[in-house]
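Residue strings, one per chain:
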Amino acid sequence: MGKDECKTMLDALNKVTACYRHLVIALGSTSDSQNLREELQKTRKKAQELAVANRTKLTALLKDKTISKDDRAEYERLWVLFSSSMELLEVDMKRSLEIGQDFPIKVPTRHLIQTGMTGSTTTVAARAMSVQNMKYEAESNIDTVDLKDLQAEINQVGQMMEEMEMKVQVAPWAVEAKQEAGAELKSNMSVGNSSVGVISICEEESKYDEGGERETSFASFCAVIVFFVIVMVAGVLGYLVINMS
C-alpha cells in the first residue's frame, strides 16, 4: 500500500513539474502575460507542496528498519526519481527568475521574443492545478513582486535538497532501474491525459510529412515536364536554324 501511495504522489509531482517547465518556456515570448506569471506562481507552489509531501513520506519509509530488502530497493528507486524531479524544478525556477527579471510585463524594458509559441497557457496550468478553469486574482505588479518570493523559494528548495541528502543516504549509482530506458514510452499503458499533447503533435507531424511527400512528388513531376518542353523547344529551334542556313 505504501509503494502505491508513493508512486501516486510522485506521479503527481512529475506532472506538475512538467507543466511548470512548459510554462517557463513561454516566458519572454509573445505568449507571455500577467496571467502566465500568476500561473507560474501557483504551479510552482503546488509543486513545492507535493515535494514536501513526497519527502516526508519517503523519508519515513526509508528510515524504517523493518521493511523488507525488496521494499527498500523500490523506495530507494522512487527516492532517486524524486531527487531528479526536484533538481529539474530547481533549474526551472532559476530560469524563471532570470527570464522574469529580463522581461517585466508592467513596465517592459525590451520587446518580447517571437519564438513561434502562440495561444494561451491556461490549459497547461489548469492541468497542473487539477482544476477545470483557472481563476486569476493576482495584482497587476505580480511580475516584479513575485520575483522576491521566487528567489526565497529557490533557496528553500536548495536547502530542502541538502537536508534530503543528509537524512537519507541513497547513492543514485547504486540504484538499479526496473525498466529499460524509454520503456514507458513504448507501453500503451503509459498513454494518459498527459500524453494527449504529444500524440497530437506526432499526428500533426505525420500529416505534415505525408503532405510534404505529395508536394515533393508533384514538384518533381512538374520539373520533368518543364525539362521535356525545353528539350523540344531547343530541338525545334535547332531544326529551324539548320534549314535557314
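Since the model is a prediction, treat every value here as computed from it, not as a measurement.

About the criteria used
- Residues numbered from 1 in each chain as written.
- Predicted model: local features only at pLDDT ≥ 70, side-chain atom pairs only at ≥ 80, totals over all residues.
- Heavy atoms only, no water.
- Helix = DSSP H or I, 4+ residues; strand = E, 2+ residues; numbered from the N terminus.
- Buried < 20%, exposed > 50% of the residue type's maximum accessible area, 1.4 Å probe, protein only.
- Contact = heavy atoms within 4.5 Å.
- Areas by Shrake-Rupley, 256 points an atom, 1.4 Å probe, with all protein chains shown as cover.
- Salt bridge = Lys/Arg side-chain N within 4 Å of Asp/Glu carboxyl O.
- Patch = residues over 30% accessible without salt bridge, like charges linked within 9 Å, V, L, I, M, F, W, Y side chains within 5 Å.
- Axes fitted to C-alpha atoms, helices over the stretch in contact; angles between N-to-C directions.
- Parallel < 35°, antiparallel > 145°, perpendicular 65-115°, else oblique.
- Left-handed = near helix turned anticlockwise from the far one by under 90°.
- Nonpolar A, V, L, I, M, F, W, Y, C, P; charged D, E, K, R; others polar.
- Expected span 1.5 Å × (residues − 1).
- Core = buried A, V, L, I, M, F, W, Y, C linked by side-chain atoms within 4.5 Å.
- pLDDT = per-residue confidence, 0-100.

A. Looking closely at the overall build of the protein chain. Check the secondary structure of the protein chain and you find 7 helices and 0 strands. Reading the protein chain from its N terminus to its C terminus gives the helix and strand order α-α-α-α-α-α-α. Burial analysis of the protein chain (245 residues in total) assigns 32% to the buried set. Here the analysis covers contacts within the protein chain between residues at least 6 apart in sequence; of these, 83% occur between residues at least 24 apart. With an accessible surface of roughly 16,400 Å², the protein chain has 57% of that area assigned to carbon and sulfur atoms.

B. Expanded view of the pattern of salt bridges. Applying the stated criterion across every chain yields a total of 13 salt bridges. K57 serves as the salt-bridge partner of E5, at 3.3 Å between the closest nitrogen and oxygen. Here E5, found in helix α1 (residues 2–25), pairs with K57, found in helix α2 (residues 34–62); they are 52 residues apart in sequence, far enough to count as distant. Exposure remark for K57: the relative accessible area of 25% places this residue in the partly exposed category. The residue R44 makes a salt bridge to E153 at a minimum N-O spacing of 2.4 Å. On the criterion of sequence distance, the pair formed by R44 in helix α2 and E153 in helix α5 (residues 142–167) is long-range, its members being 109 residues apart. Among the charged side chains, a salt-bridge network with shared partners connects R44, K45, D146 and E153.

C. Seen up close, a nonpolar patch on the surface. Together, F221, I225, V229, V233, V236, L237 and L240 make up an exposed nonpolar region whose accessible area comes to about 630 Å². The residue F221 is located in helix α7 (residues 196–244) in this model.

D. Broad picture of the packing of α1 against helix α4 (residues 122–129). Axis separation between α1 and α4 bottoms out at 9 Å; the angle between their running directions is 160°. The angle between the axes of α1 and α4 places the two elements in the roughly antiparallel class. Where α1 crosses over α4, the two elements pack in a sense that is left-handed. Contacts from K15, V16, C19, H22 and L23 of α1 reach α4 at V124, A125, R127 and A128. Split into classes, the residues belonging to the contact of α1 with α4 amount to 6 nonpolar, 1 polar and 2 charged.

E. Local environment of the side chain of E74. Position of E74 relative to the elements: it lies in helix α3 (residues 69–102). Given a relative accessible area of 6%, E74 falls into the buried group. Those residues in contact with E74 that lie beyond four places of it in its chain are K3, K7 and K178.

F. Looking closely at α1. Its 24 residues give α1 an end-to-end C-alpha distance of 35 Å, which sits within 8% of 34 Å, the value for a rise of 1.5 Å per residue. Those residues of α1 that fall on the buried side of the exposure criterion are G2, C6, M9, L10, L13, V16, T17, C19, Y20, L23 and V24. Here the buried face of α1 lies against α2, α3, α4 and α5.

G. Seen up close, the environment of K15. In this fold, K15 is placed in helix α1. Contact partners of K15, with chain neighbours within four places excluded, come to R127 and S130.

H. Local environment of the nonpolar core. Counting 43 residues, the largest nonpolar core has Y75, W79, F82 and M86 as its most contacted members. If you list the elements that add at least two residues to this core, you get α1, α2, α3, α4 and α5. Per-element accounting of this core gives the leading share, 9 residues, to α3. Excluding anything up to four places from it in sequence, M86 contacts A51, V157, M160 and M161.

I. Expanded view of the confidence of the model for the protein chain. Confidence in the prediction for the protein chain averages 81 pLDDT; 80% of positions are at 70 or higher. Summarising per-element confidence for the protein chain, the mean pLDDT is lowest in helix α6 (residues 183–186) (58) and highest in α2 (94). Across residues 188–210, where pLDDT falls below 50, the model places 6 contacts with residues more than four positions away in sequence or in other chains.

J. Looking closely at the packing of α3 against α5. Running from amino to carboxyl end, α3 crosses α5 at an angle of 155°, the nearest separation of the two axes being 10 Å. As far as their axial angle goes, α5 and α3 are roughly antiparallel. The element α3 and its partner α5 pack so that their crossing is left-handed. Across the interface between the two elements, W79, F82, S83, M86, E87, E90, M93, K94, S96, L97, G100 and Q101 from α3 touch L147, L150, Q151, E153, I154, V157, G158, M160, M161 and M164 from α5. Considering only residue class, the contact of α3 with α5 consists of 12 nonpolar, 6 polar and 4 charged.

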